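Remarks on the overall topology
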Amino acid sequence: MMLEVVGSALLGVALSWAAASRLSHRLPARPLVFCTGVAGALFGDFVTHSALGPGTVVVSLLGAAIVAAASLSLLLRPAGRHLRRRSIPAA
């Protein structure tokens, strides 16, 4: 089980590094990206392991990768021009 946790954390670091290197202009600061990737991978591993039980290492790592990628996608900012819209004040 410890190898599964370490593997999912390394998977989160790898996904974070890939996202930070390819999409650095659309992501916030690197420490936040790496923390989000690792936390998403660990959470995905926990959820998958809890749902399926022990003995499903490959599937747990797949769940960790999916949740880490979804967590990292939430950090993306829109591409293109920086349009600042003002919100409509509450009446």
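What this report covers is the structure whose coordinates are included nearby. All values reported here derive from a predicted model rather than from experimental measurement. (Residues numbered from 1 in each chain as written. Predicted model: local features only at pLDDT ≥ 70, side-chain atom pairs only at ≥ 80, totals over all residues. Heavy atoms only, no water.)

1. Overview of the overall build of the chain
Scanning the chain from N- to C-terminus turns up three helices and zero strands. Listing each helix as α and each strand as β along the chain from the N terminus yields α-α-α. Relative to a compact globule of 91 residues, whose C-alpha radius of gyration would be 12 Å, the chain shows 16 Å and is clearly more extended. For the chain, the spread of C-alpha atoms along the principal axes amounts to about 55 × 35 × 15 Å. As presented, the chain carries roughly 6,600 Å² of accessible surface, and 71% of it is formed by carbon and sulfur atoms. (Helix = DSSP H or I, 4+ residues; strand = E, 2+ residues; numbered from the N terminus. Rg over C-alpha atoms; globule rule 2.2 N^0.38 Å. Areas by Shrake-Rupley, 256 points an atom, 1.4 Å probe, with all protein chains shown as cover.)

2. Here's the deal with the side chain of Ser 8
Mapped onto the elements of the fold, Ser 8 is located in helix H1 (residues 2-22). Using a relative accessible area of 0% as the deciding quantity, one classes Ser 8 as buried. Here Ser 8 is in contact with Ala 41, Leu 42, Asp 45, Leu 61 and Ala 64, once residues within four sequence places are set aside. (Buried < 20%, exposed > 50% of the residue type's maximum accessible area, 1.4 Å probe, protein only. Contact = heavy atoms within 4.5 Å.)

3. Some thoughts on the packing of H1 against helix H2 (residues 30-52)
Direction vectors running N to C along H1 and H2 enclose 140 degrees, while the axes themselves pass 8 Å from each other. By the criterion of interaxial angle, the relationship of H1 to H2 is oblique. Seen from above, H1 lies across H2 with right-handed handedness. Residues Glu 4, Val 5, Ser 8, Ala 9, Gly 12, Val 13, Ser 16, Trp 17, Ala 20 and Ser 21 of H1 form the contact with H2, whose participating residues are Arg 30, Val 33, Phe 34, Gly 37, Val 38, Ala 41, Leu 42, Asp 45 and His 49. Its residues assigned to classes, the contact of H1 with H2 comprises ten nonpolar, six polar and three charged. (Axes fitted to C-alpha atoms, helices over the stretch in contact; angles between N-to-C directions. Parallel < 35°, antiparallel > 145°, perpendicular 65-115°, else oblique. Left-handed = near helix turned anticlockwise from the far one by under 90°. Nonpolar A, V, L, I, M, F, W, Y, C, P; charged D, E, K, R; others polar.)

4. A word on the nonpolar core
Ala 19, Ala 20, Leu 27, Val 33, Leu 72 and Leu 75 form the largest nonpolar core, which has six residues in total. Once you skip the residues sitting within four places of it in the chain, Leu 27 turns out to touch Ala 19, Ala 20, Val 33, Leu 72, Leu 75, Leu 76 and Arg 77. (Core = buried A, V, L, I, M, F, W, Y, C linked by side-chain atoms within 4.5 Å.)

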